[in-house]
Amino acid sequence: VNDLERISLFRVAGSDRECVGCCPFSQRLFMILWLKGVVFQVTTVDKATVPKNISDISPGCNPPFLIFNGEVLNDIQKCEDFIEAELYPPRYPKLSCKHPNSNNIGSDIFAKFSALAKFKGNPNDPKRQGMVNKLNNELSKLNNYLNEPLDDEIDEGSDESEPQKSTRKFVDGNTMTMADCNLMPKLNMIRVAGREMLNYEIPCKFDGIHRYLNTADATDEFTQTCPDDGEIVWTYGGRKPRP
């Protein structure tokens, strides 16, 4: 049985019910399968009107979900674990992180951003500034992690008076891992929706995050699985994109 017959990804559809929609969890699974180098089918599903043939496959289940060898998987973490366990070396690359801290860094960023996005009060309300501060605090932790050399980057012979700074491309090193598939889609949503809808920009001082996003923008695994900016804006209450 070839890969195409075994793996199908059902991801959230966008504004026209067919294009790729704004859903970081859908993009996360798409990126993981792409990085594995496996052949798979992708179907976009409109959450408001799930076709009967798809609701029959996974009753009451919203996308994203996977069908893998006939088994329906609809929990994101279980999907991740299953893919990593079933698509293993030497045929498929390992995508788990080498450094344990890479798994959890940035885990609270999206929740803090979502709280800010839901705020409907006066833009000058101190409550809103408090939400911005909380988001920036979480981004600061990620920025520090991206700039801090990992164990295998540290040059023991370097001058200790000059603090070393990481130049790695991704969260866990110079190759993409599960951590990037989780973080990149969320940071991109913050970047786009923040700028276009919330009068929020990721601060320039977070140079590690900006370096990381520039790397993402040059990576097919991210750009080719990404919703258009207009879909992100629409998801956060902006104008519906032209078809």
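Because the structure is predicted, anything quoted here is derived from the model rather than measured.

**Student:** How would you summarise the pattern of salt bridges if you had to cite specific residues and measurements?
**Tutor:** Applying the stated rule across the entire model yields 10 salt bridges. With its nearest N and O atoms 3.2 Å apart, the salt bridge here joins Glu138 to Lys141. Pair noted here: Glu138 and Lys141 are both in helix H6 (residues 126-147), with a separation of three residues, about one helical turn. By relative accessible area, Lys141 is classed as partly exposed at 47%.

**Student:** Outline the sheet that holds strand S4 (residues 71-73), listing residues and values.
**Tutor:** The sheet built from four strands is open, its strands ordered S2-S1-S3-S4 with mixed pairing. The outermost strands of the open sheet, each flanked by one partner alone, are strand S2 (41-45) and S4. Recorded for the sheet is a direction-independent mean angle of 20° between the axes of neighbouring strands. Against the sheet, helix H2 (residues 24-36) touches strand S1 (7-12), S2 and strand S3 (65-68), its axis set at about 150° to S1. Strand contacts of helix H4 (residues 76-86): S3 and S4, with the helix running at about 30° to S3, the strand carrying the most contacts.

**Student:** Lay out helix H8 (residues 207-217) in plain terms, naming residues and giving numbers.
**Tutor:** Those residues of H8 not exposed but buried are Gly208, Ile209, Tyr212, Leu213, Thr215 and Ala216. Mapping the buried residues of H8 onto a view down its axis gives an arc of 155°, with all of them on the same face. Close packing links the buried residues of H8 with H6, helix H7 (178-197) and helix H9 (220-223).

**Student:** So what's going on with the packing of H2 against H7? Which residues, and what values?
**Tutor:** If you want to describe how two helices pack, look at the angle between their axes and the distance between the axes. Following both chains from N to C, one finds H2 and H7 inclined at 140°, their axes separated by 9 Å at the closest point. The orientation of H2 relative to H7 falls into the category oblique. When the axes of H2 and H7 are compared, the crossing they make is right-handed. In this structure, H2 contributes Pro24, Phe25, Gln27, Arg28, Met31, Ile32 and Leu35 to the contact, and H7 contributes Met178, Asp180, Cys181, Asn182, Met184, Pro185, Lys186 and Met189. Each residue belonging to the contact of H2 with H7 can be placed in one class, and the counts come to 10 nonpolar, two polar and three charged.

Criteria and thresholds
Residues numbered from 1 in each chain as written. Predicted model: local features only at pLDDT ≥ 70, side-chain atom pairs only at ≥ 80, totals over all residues. Heavy atoms only, no water. Salt bridge = Lys/Arg side-chain N within 4 Å of Asp/Glu carboxyl O. Helix = DSSP H or I, 4+ residues; strand = E, 2+ residues; numbered from the N terminus. Buried < 20%, exposed > 50% of the residue type's maximum accessible area, 1.4 Å probe, protein only. Pairing = 2+ DSSP bridges. Axes fitted to C-alpha atoms, helices over the stretch in contact; angles between N-to-C directions. Contact = heavy atoms within 4.5 Å. Arc of directions from axis to C-beta. Parallel < 35°, antiparallel > 145°, perpendicular 65-115°, else oblique. Left-handed = near helix turned anticlockwise from the far one by under 90°. Nonpolar A, V, L, I, M, F, W, Y, C, P; charged D, E, K, R; others polar.

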